[in-house]
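# Notes for the structure review
Residue strings, one per chain:
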Amino acid sequence: MAFAILSSGGDAAGMNPAIKKFVDYCTKLQIETYLIYEGLEGLIDNKIKKASHQDVAGILHMGGTIIRSSRSKRFFDSQYRKKAYENLKAYDITGLVVLGGDGSFRAMDVFSSEFDISFIGIPSTIDNDIHGTEYCLGVDTALNVIRDALDKIRDTASSFNRAFVVEVMGRNCGYLAAVSAITSGAEVCVIPETIFAREDLEKRLKKEIDNGRRYVLAIVAEGTHQTNKVYEWIQEKLELETRVSILGHIQRGGNPTVYDRMMAFDFIINAVDYLREHSHSSKVIVYNQGQLSFKDIREITADKYKLSEHYLQAINYLD
Ligand code: F6P
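Please read these numbers as outputs of a predicted model, since none were measured by experiment.

### With respect to the overall build of the protein
In terms of helices and strands, the protein carries 12 helices and 11 strands. Relative to the 2.2 N^0.38 estimate, which gives 20 Å for 319 residues, the radius of gyration of the protein is 22 Å and therefore close to what a compact globule would have. Once the C-alpha set of the protein is aligned to its principal axes, its extents read approximately 70 × 40 × 35 Å. Carbon and sulfur atoms form 48% of the exposed surface of the protein, whose accessible area is close to 14300 Å². Within the protein, the 43 negative side-chain charges are centred at a point lying 2 Å from the centre of the 38 positive side-chain charges.

### Focus on the sheet that holds strand E11 (residues 291-296)
Taken in spatial order, the 7 strands make up an open sheet running E3-E2-E1-E4-E5-E10-E11, and their pairing is mixed. Each having just a single partner strand, strand E3 (48-50) and E11 make up the two edges of the open sheet. Neighbour-to-neighbour, the strand axes of the sheet open up by a mean angle of 25°, direction not taken into account. As judged from the 3 bridges shared by strand E5 (residues 118-123) and strand E10 (residues 282-288), these two strands associate in the parallel manner. Residue pairing in the sheet places phenylalanine 119 in a bridge with serine 282 of E10. With respect to the sheet, helix H1 (residues 15-28) is in contact with strand E1 (2-7), strand E2 (32-36) and strand E4 (93-100), its orientation differing from that of E1 by roughly 175°. In this fold helix H10 (residues 258-277) packs onto E1, E4, E5, E10 and E11, with an angle of close to 165° to the strand it touches most, E5.

### Quick word on the nonpolar core
Judged by nonpolar contacts, the single largest core of 65 residues is most densely connected at Ile5, Phe22, Val166, Leu176 and Ile219. Both domains that furnish three or more residues to this core are identified here as domain 1 (2-138 + 256-301) and domain 2 (139-252). Non-local contacts of isoleucine 5, meaning those with residues more than four positions away in its chain, are made with Ala18, Ile19, Phe22, Tyr34, Leu35, Ile36, Ile67, Val97, Leu99 and Ile268. Counting 29 residues, the second largest nonpolar core, distinct from the first, contains Ile36, Leu43, Ile48 and Val284.

### Observations concerning helix H4 (residues 78-90)
In this model, H4 (13 residues) spans 18 Å end to end at C-alpha, consistent with the 18 Å of a helix rising 1.5 Å per residue. Taken together, the buried positions of H4 are occupied by Arg81, Ala84, Tyr85, Asn87 and Leu88. The buried residues of H4 occupy an angular sector of 160° when projected down its axis, which confines them to one face. Turned more than 90 degrees off the buried face of H4, the exposed positions are Gln79 and Ala90. As for H4, its buried residues are in contact with E2, helix H2 (39-44), E3, E4 and helix H5 (102-114).

### Some remarks on the site of the ligand
Residues in contact with the ligand, as listed here, are Arg71, Thr125, Asp127, Met169, Gly170, Arg171, Glu222, His249 and Arg252. Residue aspartate 127 places a side-chain N or O atom 2.7 Å away from an oxygen atom belonging to the ligand. Interatomic distance of 2.8 Å between a side-chain N/O atom of arginine 252 and an oxygen atom of the ligand. For the shell around the ligand, a count of residues per class yields 1 nonpolar, 3 polar and 5 charged.

### Details of the side chain of arginine 252
Structurally, the position occupied by arginine 252 is in the loop between strand E9 (241-246) and H10. Residue classification places arginine 252 among the buried residues on the basis of a relative accessible area of 17%. At 3.1 Å, the side chain of arginine 252 and the side chain of aspartate 11 are in polar contact. Aside from chain neighbours lying at most four places away, what touches arginine 252 is Gly10, Asp11, Ala13, Arg71, Ile126 and Met169.

### Some details on the domain arrangement of the protein
As assigned here, the protein comprises domain 1 (2-138 + 256-301) and domain 2 (139-252). On a C-alpha basis, the centres of domain 1 and domain 2 stand 35 Å from each other. Every contact between the two is made by 17 residues of domain 1 and, on the other side, 13 residues of domain 2. Between domain 1 and domain 2, roughly 1200 Å² of surface is buried when both sides are summed, and carbon and sulfur atoms account for 50% of that area. If you look at where domain 1 meets domain 2, you find 2 salt bridges. A salt bridge links aspartate 11 to arginine 252, with the nearest nitrogen and oxygen atoms 3.1 Å apart. Here the side of domain 1 that touches domain 2 is built from residues that sort into 7 nonpolar, 5 polar and 5 charged.

Definitions and limits used
Residues numbered from 1 in each chain as written. Predicted model: local features only at pLDDT ≥ 70, side-chain atom pairs only at ≥ 80, totals over all residues. Heavy atoms only, no water. Helix = DSSP H or I, 4+ residues; strand = E, 2+ residues; numbered from the N terminus. Rg over C-alpha atoms; globule rule 2.2 N^0.38 Å. Areas by Shrake-Rupley, 256 points an atom, 1.4 Å probe, with all protein chains shown as cover. Lys, Arg positive; Asp, Glu negative; His and termini not counted. Charge placed at Lys NZ, Arg CZ, Asp CG, Glu CD. Pairing = 2+ DSSP bridges. Axes fitted to C-alpha atoms, helices over the stretch in contact; angles between N-to-C directions. Contact = heavy atoms within 4.5 Å. Core = buried A, V, L, I, M, F, W, Y, C linked by side-chain atoms within 4.5 Å. Buried < 20%, exposed > 50% of the residue type's maximum accessible area, 1.4 Å probe, protein only. Domains from an automatic or database assignment. Expected span 1.5 Å × (residues − 1). Arc of directions from axis to C-beta. Near = heavy atom within 4 Å. Polar contact = N/O pair within 3.5 Å; in protein donor to acceptor, adjacent residues only side chain to side chain. Nonpolar A, V, L, I, M, F, W, Y, C, P; charged D, E, K, R; others polar. Buried area = accessible area lost by both parts, 1.4 Å probe. Salt bridge = Lys/Arg side-chain N within 4 Å of Asp/Glu carboxyl O.

The structure is reproduced here in structure tokens:
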């Protein structure tokens, strides 16, 4: 019996602390561990290496993932999944921990229904868009990276009479945009989950500008594809000189926050214990209302993440 870990899809801060804890905790339990490099692509190509303490020493504070990641199309082809299974069998790997998003879990769902490999998914994505869990590893760091950028943008926006339209990541999910807008005191937040009610906002902001407001901060989720429209609207209707800032991949970087590190440890310890206690599992570990629990992979992939009413309400109160 041996366990292995891989990261798949977009990297997220917190993956390295998770990888370190995985190797350290398994070593303590005298379980042999393997690192699978380059995600599902590496699993197919046999980039599997026995792990030692040296492989994971000094990585706790690092963003990204030292075992690298990939988005694999080949894994959806059965001949490559068979190859992946044979690679795992050759090392006697019976349990696999996957740090990834719902695309990766979908792939693992197919894989674990075909072969006798136990699998635990750890939701890891800055988008925080996985159905069934309130929290995904890495989102706290990403939010803090965005907060830092927005605080700086506010400095320059307020030094001129200028509006800033800031585009944040999140794929089709507005979580990063909504939480960032709320916690940075933005005036505008545009997310895929709601219709952008421009008219009311326009009236209010015009009035505020007449009364002395000098700058506006607008947060736009990439999934809306509305960044340019919001730019034109502010420039033309609010008559403020406007700049656009697309934060891009810096949102994926940075040293994991204390919260993401702690969550990485808790996820891993629980995942490893679960693998030890259950011979065939196909689960995702989730975090809701302060509790960790396990959900069947099908439950996770069956539906789409819905942004909670709490955030939708909060962005209506941005004034
Ligand atoms: O899923 C994480 C994420 O950063 C999304 O927010 C973004 O849309 C996407 O990945 C970018 O993907 P890539 O790194 O392949 O350009």
